[in-house]
Amino acid sequence: MKESTEIQTFNHLFTNYKGRFTHFARTYVDDEMTAEDIAVESLMYYWENRKTLDDHSNILAYILTVVKHKCLDHLRRMRTREDFVEYLQEYETRRLNLRIATLEACNPERIFSDELQSLVDKALASLPEQTRDVFIRSRYNNQSHKEIAEALGISTKTVEFHITKALKVLRVALKDYLPVFLYLLMK
């Protein structure tokens, strides 16, 4: 008999106040389903803990306090989630700005010329000393074949041989940079 009375009491609370608690919660959580879940959970929480309450407790005020705290918990979780989403958006914005700044600062001519110069330097370093010397005098110091021949005590044909030899080595090393190589040939 006592169990039947308790069920009737719970049904009375549920039927008469669930809608009010749901409405109260919805004004804060702004979602009908979430508000209804909070109201039902609050009624269940009261029911599970009713025997620990003082006999003179205001049951409706108690349940409304539970609803309030559950709404606060829900809103705090939402704020934490939104803060995290905002953090992620700021992080992505910083990454995007960094990529934009890096790309804007990128100077393809400089990268290309540094890479090319490194390849030329390696190719020249692999040449015999006299071939390298002849090529540097011709291409970097703008000396004529005759001037190089006189300075090194060799014939102009030997100068031409060394330049041809150096250009063959450079052609292989710079095969991916044909326009630059053609420029070197034209000098």
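Conventions used here
- Residues numbered from 1 in each chain as written.
- Predicted model: local features only at pLDDT ≥ 70, side-chain atom pairs only at ≥ 80, totals over all residues.
- Heavy atoms only, no water.
- Helix = DSSP H or I, 4+ residues; strand = E, 2+ residues; numbered from the N terminus.
- Buried < 20%, exposed > 50% of the residue type's maximum accessible area, 1.4 Å probe, protein only.
- Contact = heavy atoms within 4.5 Å.
- Areas by Shrake-Rupley, 256 points an atom, 1.4 Å probe, with all protein chains shown as cover.
- Phe/Tyr/Trp six-rings, centres within 6.5 Å; stacked < 30°, edge-to-face > 60°.
- Lys NZ or Arg CZ within 6 Å of the ring centre and 35° of its normal.
- Patch = residues over 30% accessible without salt bridge, like charges linked within 9 Å, V, L, I, M, F, W, Y side chains within 5 Å.
- Salt bridge = Lys/Arg side-chain N within 4 Å of Asp/Glu carboxyl O.
- Lys, Arg positive; Asp, Glu negative; His and termini not counted.
- Charge placed at Lys NZ, Arg CZ, Asp CG, Glu CD.
- Expected span 1.5 Å × (residues − 1).
- Arc of directions from axis to C-beta.
- Axes fitted to C-alpha atoms, helices over the stretch in contact; angles between N-to-C directions.
- Parallel < 35°, antiparallel > 145°, perpendicular 65-115°, else oblique.
- Left-handed = near helix turned anticlockwise from the far one by under 90°.
- pLDDT = per-residue confidence, 0-100.

**Comments concerning the overall build of the protein**
Summing up its helical and strand segments, the protein has eight helices and zero strands in all. The N-to-C order of helical and strand elements in the protein reads α-α-α-α-α-α-α-α. Counting the 187 residues in the protein, one finds 25% classified as buried. Of the contacts made within the protein by residues no fewer than 6 positions apart, 56% connect residues no fewer than 24 positions apart. Accessible surface, the protein: about 13500 Å² in total, of which carbon and sulfur atoms supply 55%.

**Points about the packing of aromatic side chains**
Overall, the coordinates contain eight aromatic pairs when judged by the stated rule. One aromatic cluster is present, built from ring pairs that chain together Phe10, Phe14, Tyr46, Trp47 and Tyr62. Over the aromatic face of Trp47 sits the side chain of Arg50, whose NZ or CZ is 3.7 Å from the ring centroid.

**Digging into the side chain of Lys18**
Position of Lys18 relative to the elements: it lies in helix α1 (residues 2-29). Every residue in contact with Lys18, bar those within four places of it in the chain, is listed here: Leu13, Glu36, Ala39, Val40 and Leu43.

**Focus on a negative patch on the surface**
Taken together, the side chains of Glu82, Asp83, Glu86 and Glu90 make up a negatively charged region of the molecular surface. In this structure, Asp83 sits in helix α3 (residues 59-105). The partly exposed category is assigned to Asp83, whose relative accessible area is 45%.

**Details of the environment of Cys71**
Secondary-structure assignment places Cys71 in helix α3. Spatially, the C-alpha atoms of Cys71 and Thr34 are 9.1 Å apart, while their sequence positions differ by 37 residues. If we ignore the near neighbours within four places in the chain, the residues touching Cys71 are Ala25, Val29 and Ile38.

**Examining the environment of Asp133**
Position of Asp133 relative to the elements: it lies in helix α5 (residues 129-140). When the C-alpha atoms of Asp133 and Leu152 are compared, they prove to be 9.3 Å apart, with 19 residues separating the residues in sequence.

**A short note on helix α7 (residues 156-173)**
Between its first and last C-alpha atoms α7 spans 26 Å; for 18 residues at 1.5 Å apiece the expected length is 26 Å, and the two agree. For α7, every residue scored as buried is listed here: Val159, His162, Ile163, Ala166, Leu167 and Leu170. Across the axial projection of α7, the buried residues extend over an arc of 135°, all falling on one side. Along α7, the residues that are exposed and aim more than 90 degrees away from the buried face are Lys157 and Val172.

**Description of the packing of α5 against helix α6 (residues 145-152)**
At a minimum axis distance of 10 Å, the contact between α5 and α6 shows a crossing angle of 140°. Here α5 lies oblique to α6, going by the angle between them. In this structure, the crossing between α5 and α6 has a hand that is right-handed. In contact with Asp133, Val134, Arg137 and Ser138 of α5, α6 contributes Ile148, Ala151 and Leu152.

**Remarks on the confidence of the model for the protein**
For any part of a model where pLDDT is low, the fine detail of the predicted coordinates should not be relied upon. Across the protein, the average pLDDT comes to 86, with 88% of residues at or above 70. Summarising per-element confidence for the protein, the mean pLDDT is lowest in helix α8 (residues 178-186) (52) and highest in helix α2 (residues 32-49) (95).

**Here's the deal with a nonpolar patch on the surface**
There is a patch of nonpolar side chains on the surface, built from Phe84, Tyr87, Leu88 and Tyr91 and spanning about 400 Å² of accessible area. Turning to its location among the elements, Phe84 is positioned in helix α3.

**Notes on unusual backbone geometry**
Positioned with a positive phi, Asp30 is a non-glycine residue whose angle comes to about 60°. Mapped onto the secondary structure, Asp30 falls in the loop between α1 and α2. According to the relative accessible area criterion, Asp30 is exposed, its value standing at 67%. Phi angles above zero are rare outside glycine, and Asn142 is one such case at about 55°. Summarising the element assignment, Asn142 is placed in the loop between α5 and α6.

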